[in-house]
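Topology and contacts: notes
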Amino acid sequence: MITEKRHGWILLLLCVLVHVAQAGDPGWRVTVQTDQPGGRINPAMWGLFFEDINSGADGGLLAELVKNRTFEFPDGLMGWSKVEKGAAKGTLEIRTEAGRHAAHPHYLRLRCEAAGEGFGLANEGFNGMGIRQGETYRLTLRARQTGPAPKALRVELTAPDGRVLAATSVSGLAPEWNSHSAVLKATATEAKARLAIHAMEPGALDLDLISLFPANTWKNRANGWRKDLVQLLAEMKPGFLRFPGGCIVEGRYLTNRYQWKTTVGNPLERKLIINRWNDEFKHRPAPDYYQSFGLGFYEYFLLCEDIGAEPLPILNCGMACQFNSGELAPLSQLDPYLQDALDLVEFANGPASSPWGQLRASLGHPQPFHLKLLGVGNEQWGPDYLERYAVFHQALKAKHPEIKLVSSAGPGPDDERYHFAWSKLRALNADIVDEHCYARPDWFLDNAARYDSFNRQGPRIFMGEYAAQSVKTVSPDNRNNWECALAEAAYMSGLERNADLVVMASYAPLFGHVERWQWTPNLIWFDNLRAFGTPSYYVQKLFANHRGDTILPTRLTGPGAAQAKPRVFASATRDQKTGEIILKVINATASPVEVSILLAGAKKILPKGREIILTSPHPADENSLDHPKRVAPIENPLSGVAPEFRHWFKPNSVHVLRIGAASTAKKISG
Ligand code: AHR
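Figured I'd write up the structure that's included with this text. For every chain, the first residue of its written sequence is number 1, and the numbers climb from 1 along that sequence. In keeping with the predicted nature of the model, local features appear solely for residues at pLDDT of at least 70, side-chain atom pairs appear and are counted solely at 80 or more, and the whole-chain, interface and lining totals rest on all residues. Think of the side-chain values as coming from all heavy atoms in the structure, minus any hydrogens and water.

Here we look at empty space enclosed by the protein
Definitions used for this entry: grid spacing 1 Å over protein atoms alone; cavity, a set of points where a 1.4 Å probe fits but cannot get out; pocket, an open set with protein on both sides within 12 Å along at least 5 of 7 lines; lining residue, one with an atom within 4 Å of a point. Grid points are joined across faces, edges and corners, and a volume is the space filled by probe spheres set on the points. One pass over the structure, following the stated rule, counts three cavities of 30 Å³ or more. If you add up the space inside the largest cavity, you get close to 150 Å³. In terms of lining residues, the largest cavity is bounded by 18 residues, among which D58, N68, R69, L272 and S292 are the most central.

A word on the side chain of D343
With respect to the secondary-structure elements, D343 resides in helix α5 (residues 335–349). In the analysis that follows, any N or O atom pair within 3.5 Å is treated as a polar contact, provided that within protein one partner can donate a hydrogen and the other can accept it, and provided that, for residues neighboring in sequence, both atoms belong to side chains. Within the structure, D343 has its side chain in polar contact with the side chain of K261 (distance 2.7 Å). Not counting chain neighbours up to four residues away, the residues in contact with D343 comprise W260, K261 and W356. Secondary structure elements are defined from DSSP: runs of H or I of at least 4 residues count as helices, runs of E of at least 2 residues count as strands, and each element is numbered from the N terminus. It only takes one pair of heavy atoms within 4.5 Å for two residues to be counted as in contact.

As for the state of the cysteines
When the sulfur atoms of two cysteines come within 2.5 Å, that pair is taken as a disulfide. Here the structure, examined in full by the defined rule, presents zero disulfides. Free of any disulfide, C437 has its nearest cysteine sulfur in C484, 12 Å distant. Residue burial is assigned from relative accessible area. The probe radius is 1.4 Å, only protein chains are included, and a residue is buried under 20% of its type maximum, exposed over 50%, and partly exposed in between. Its relative accessible area of 1% is what places C437 among the buried residues.

A few points about the packing of α5 against helix α6 (residues 355–362)
Helix-helix packing: each pair is described by the crossing angle between the helix axes and the interaxial distance. Relative orientation of the contacting elements α5 and α6 amounts to 45°, with a least axis distance of 7 Å. In terms of orientation, α5 lies oblique with respect to α6. In the packing of α5 onto α6, the handedness of the crossing is right-handed. Residues D343, E346, F347, A348 and N349 of α5 lie in contact with α6, whose contacting residues are P355, W356, G357, L359 and R360. Here the nonpolar group is Ala, Val, Leu, Ile, Met, Phe, Trp, Tyr, Cys and Pro; Asp, Glu, Lys and Arg are the charged ones; every other residue, Gly included, is treated as polar. Across the contact of α5 with α6, the residue classes tally to five nonpolar, two polar and three charged. Lines are fitted to the C-alpha atoms to define the axes, a helix being fitted only along its stretch in contact, and any angle between axes, read from their N-to-C directions, falls within 0 to 180 degrees. Oblique is the label for every angle not falling under 35 degrees (roughly parallel), over 145 degrees (roughly antiparallel), or within 65 to 115 degrees (roughly perpendicular). The sense of a crossing depends on the near helix, which, turned anticlockwise from the far helix by less than a right angle, makes the crossing left-handed and, turned clockwise, makes it right-handed.

With respect to the sheet that holds strand β4 (residues 89–96)
Strand order across the open sheet formed by five strands is β4-β5-β13-β8-β11, with antiparallel pairing between neighbours. The strands lining the two open edges of the sheet, one partner per strand, are β4 and β11 (178–185). The sheet shows a mean angle of 30° between the axes of neighbouring strands, taken without regard to direction. Bridge count for strand β8 (residues 136–146) against strand β13 (residues 203–214) is nine bridges, and the pairing is antiparallel. Paired with Y137 across the bridge in β13 is P214. The pairing criterion for strands is at least two bridges between them, as found by DSSP.

Given below as structure tokens:
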């Protein structure tokens, strides 16, 4: 029988045991060598991969609301429908006038036989048009009368139930082609509006280049970009923007490759082509997906400037997509491809007196864009690529040694194609090799130390496309969940530890329209009015916003077996301006983990700092249009910081600790 006195002793003993256990070695220990800084971190380390996939540009970032505005889709009336109100009657016909304009020879003839309450046409937009109450929309079109014809048109924005959300008219139509414009002010918000244009009297008219933009675009630019989407990009503080892709650089065949010269000049008069993602996936057909190039190379450079990102254009190197035709431009016929690259450097950096610099100046940008990086080919592989890359390398290095070239290691991170490319690119002394990796979350966890022992002689690395796939690559069932984002964070801690070698990284793809996507997962999803960042977005943002400029060597040791396949990860950097140590710890286990943190060599540590935590209770958690911030970071004050201290890390979490410290750095190497 236990007496009351003995009971008291047992309780006391238990308390002591618990205390001893708590005070004992937590098992996990991270040593940050604060007095032995490693390499310098590229200020452009964390960036963006942009491609017109999933309606990223047309129907996405480009704020144009009209689909097929030039009637140049192969089905010229795609996106348009006939409107016959009341007793109205008439026909719509696509006509061609050879020699009228090489990029848009087609136009629409509207024949109104009976006007009734309005005869005309309506555009469905990109699965509808997103219209906001109180905002204004600018319509532009070209028109001419043919014979006896109406002098004016009635223009409306309507809701699916027929409600008129905005109305105006276009007048002064004449027998010659003229440009006309009108402003519409919306009385209600609607995600699925459409644009209707009616003749109110009988007669025939020709119409072309019908465009509708919100006035409220990013920086209120004409031919502008969706403000909410650019805002999400700007908040990431991206170091670079890679454009325009992705596979669309290559095209299914070379005729459909991306050619930057056709994407500059008057946006409405750029020649459209089929989007490579139009018919790529049988399970996600997108028959109305074309590239209007309303967002072209000039706009990409402007966007880079706006969001403080280094431009990284990727050019075709004479190879169509190797997942499609793999068509090759013979080596003896590479000159036009090469010339495109040389001219692009002049367009971006040349003086306004040079031919291509003059074009840039005439578009409104006399100052250079300071291009420093250029990609040769997208995701190419094999001897055909390496031969072509060598030609570009030689020519560009001779003329523009100041430009760093990005070459491709192929589509996988560790296959034969990858090793072949690396052996050749090392021999060529290439600048930066672009590695791609789409894999299951476990791959990212297992490979977080991939670059710790990588050969540091030779090219630097651009982790140019990566994203954890919850099911498998190109599965339409992939989810942008917390499990994937956490695995990417673990992997990124490895990139950061090795930032002397891995100089750039970008998640891919960037955008996905919730109704118009072909590929999942994506960093940012949107509909016609709203947008949200996925958990992966917040991981990217955390790393970019808390980058630091110098690597601080970090050693993480764990308890016993945990070290074999660690699920706790760490990296550290220093912000030279503030002197802060930035420690990132990723706990990819389902339990809280206590870590003993040793700030080796630190002279003066402030006891207080701040901590940013990104976590979510369930690995399957996601953000959505209705719950855009279910998984989003929170910031707390951090106390009890000392040269050696302990800290708890939540289950399944990314923690960023910003620790105030006097800089003891002697000299930054690298
Ligand atoms: O990011 C989607 C696609 O994946 C890119 O277009 C291509 O480069 C890669 O295969």
